[in-house]
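# Working through the structure, step by step
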Amino acid sequence: VIDGLKKERKIYVRMSEHGEKNSNNLLIQKGAIPVDFNGIQKEQIIYNETISETALKLEPTISIDPINEKIITVFNGKPLSAKEILEKTGLDWTAKKLTSHLQKMEDIQTIKKGRTNQYLLKPAGFEPVQASLF
């Protein structure tokens, strides 16, 4: 499904019911087309919030893993330290474990601030550029 979305194919996904635990709403945030139980396309999506189709395309890519989802929800556009992320998510992890996890997440970028690292969601469509010196 993720590969199909990256290739800009139309992918239809049933909207999750309130309280239902699955990754359908995350796939919709990534660009899948929301449908109801009968396969009818819907406008209202993601946890009873109304989001326009344009807004969906501007959303940062969000991981399907529930822990990653929890981490991503704490970002508000400002860089956060591992300690701040732990406080906001309520995860019972050490800062070292979280730092290691954040470095593996594709949707998170690391920003050096003095001697500490801070973390930020990558913008939608972010592609790292590798520079070479001649």
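Look a little higher up for the structure.
What counts and what doesn't
- Residues numbered from 1 in each chain as written.
- Predicted model: local features only at pLDDT ≥ 70, side-chain atom pairs only at ≥ 80, totals over all residues.
- Heavy atoms only, no water.
- Buried < 20%, exposed > 50% of the residue type's maximum accessible area, 1.4 Å probe, protein only.
- Helix = DSSP H or I, 4+ residues; strand = E, 2+ residues; numbered from the N terminus.
- Arc of directions from axis to C-beta.
- Pairing = 2+ DSSP bridges.

## Re helix 5 (residues 82-89)
Buried within helix 5 we find A82, I85, L86 and T89. Taken end-on, helix 5 shows its buried residues confined to a sector of 100°, consistent with a single buried face. In helix 5, the exposed residues that point more than 90 degrees away from the buried face are K83 and E87. A positive phi of about 75° marks G90, the residue just after helix 5.

## Overview of the pairing of strand 5 (residues 108-113)
Across six bridges, strand 5 lies against strand 6 (residues 116-121) in antiparallel orientation. Across the sheet, residue I111 finds its bridge partner in strand 6, namely Q118. With antiparallel pairing between neighbouring strands as the criterion, strand 5 and strand 6 make up a hairpin whose turn holds two residues, including G114 at a positive phi of roughly 70°.

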